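# Observations on the model geometry
What follows is each chain in one-letter form.
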Amino acid sequence: MLKITGLQKSYKGFPVLTNLNMTIDKGDVYGFLGTNGCGKTTTMNIICNIISKDSGEVMFENNEAKIGYLPEAPALYGYMNGFEYLDFIGACCRYQGDIKARTAEVLDITGMTGSAKRLIKGYSRGMNQRIGIAAALYNNPDLLILDEPTSALDPEGRAEVMEIIRKLADRGSTIILCTHILTDVERAANKIGILRNGQMAIEGGLREVKEKLAGNNVITVRLRKNTPEAVTAICGIDLAERSEVYENYGVSVFAKEGVSEKELYNKVIMTLAQNDILPEGVEFRRMNLEQIYIGITNGMINPQM
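Only a predicted model underlies this, so the values are computations on that prediction, with no experimental measurement involved.

Here strand β8 (residues 191-196) pairs with strand β9 (residues 199-205) via six bridges, running antiparallel. Of the residues in β9, the one forming a bridge with Arg196 is Gln199. In this structure, the hairpin formed by β8 and β9 is closed by a connection of two residues, where Asn197 is found at a positive phi of approximately 55°.

The structure is reproduced here in structure tokens:
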């Protein structure tokens, strides 16, 4: 559907994207993740041809692919009602079919039919997002890009927008979902990409990434007290790739590649016994997407995928 290779972009000599590679297949709901300033918006603007790239390739399977884009804070015309605004969008994108019928269709998809006669200036933030999605959908895009579609929404508004995304996914839509709300990504996406320093740090199926990086080969030792001797002994386990120390809690050790959870567990127990450390507990821990994201963006996890 979309393949990006070697994408580079700088602003006044400051590199934002450096050799970015990215692949999106038809029907993907792609969770596009990264910290503020890492290049996500720049990438989306290049895909939409809003700004130019310095070098690299952005290739669509269909050279005439249509894109629908919902920016983080859509600017709508408050003096129009929903019907008028979407009819206007239909005229702007030169919709080839029946504009009135298409307006009614996208209003129904986004659950805005009952509010379409109200002026947009009276809409809630959630209603603004839904009418923005309706506008992005108007011309039956091959690729729908949603930038922070649930940010600043209350739980009810988030649930409504996520239900729309779920329905679109069920219809086979191809979607880039750019958000900092990682629970939304886990609910909706089948594939993720995490940017770091202008490059793709990791890309793959959500389940594949979690299985590779969030397996049970993480063991947490809950200590009665984080004494320097105990922390040093646990962190020094030779089967551990790295460790994390938690104040007044204990230590987590992460197995090196190829080390099984049983091997790591046995090594942890042996280390505790050899150093006369009596823990409150020893348990396996599975990292969630948030912990994976933080580990990658902070440079604590360096995946090779």
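Further notes follow.
Phi at Asn19 is positive, roughly 60°, even though this residue is not glycine. Assignment of secondary structure puts Asn19 in strand β2 (residues 14-24).

Those residues of helix α8 (residues 228-235) that fall on the buried side of the exposure criterion are Ala230, Val231, Ala233 and Ile234. Axial view of α8: buried residues confined to an arc of 165°, hence all on one face. Within α8, the exposed residues directed more than 90 degrees away from the buried face are Pro228, Glu229 and Thr232. The elements touched by buried residues of α8 are β10 (218-222), β11 (240-246), β12 (250-255) and α9 (261-274).

In spatial order, the strands read β5-β6-β7-β3-β8-β9; together these six strands make up an open sheet with mixed pairing. Strand pairing shows two members of the sheet lacking a second neighbour, β5 (67-70) and β9, which therefore form its edges. Here the average twist between neighbouring strands, direction ignored, is 15°. The pairing of strand β3 (residues 29-33) with strand β7 (residues 175-178) spans four bridges and is parallel. Paired with Val29 across the two strands is Ile175, which belongs to β7. Helix α4 (residues 125-137) rests against β5 and β6 (143-147) of the sheet, and its axis sits at about 165° to β5. In this fold helix α10 (residues 289-297) packs onto β3, β8 and β9, with an angle of close to 30° to the strand it touches most, β8.

Here is what the cut-offs are and how they apply
- Residues numbered from 1 in each chain as written.
- Predicted model: local features only at pLDDT ≥ 70, side-chain atom pairs only at ≥ 80, totals over all residues.
- Heavy atoms only, no water.
- Pairing = 2+ DSSP bridges.
- Helix = DSSP H or I, 4+ residues; strand = E, 2+ residues; numbered from the N terminus.
- Buried < 20%, exposed > 50% of the residue type's maximum accessible area, 1.4 Å probe, protein only.
- Arc of directions from axis to C-beta.
- Contact = heavy atoms within 4.5 Å.
- Axes fitted to C-alpha atoms, helices over the stretch in contact; angles between N-to-C directions.

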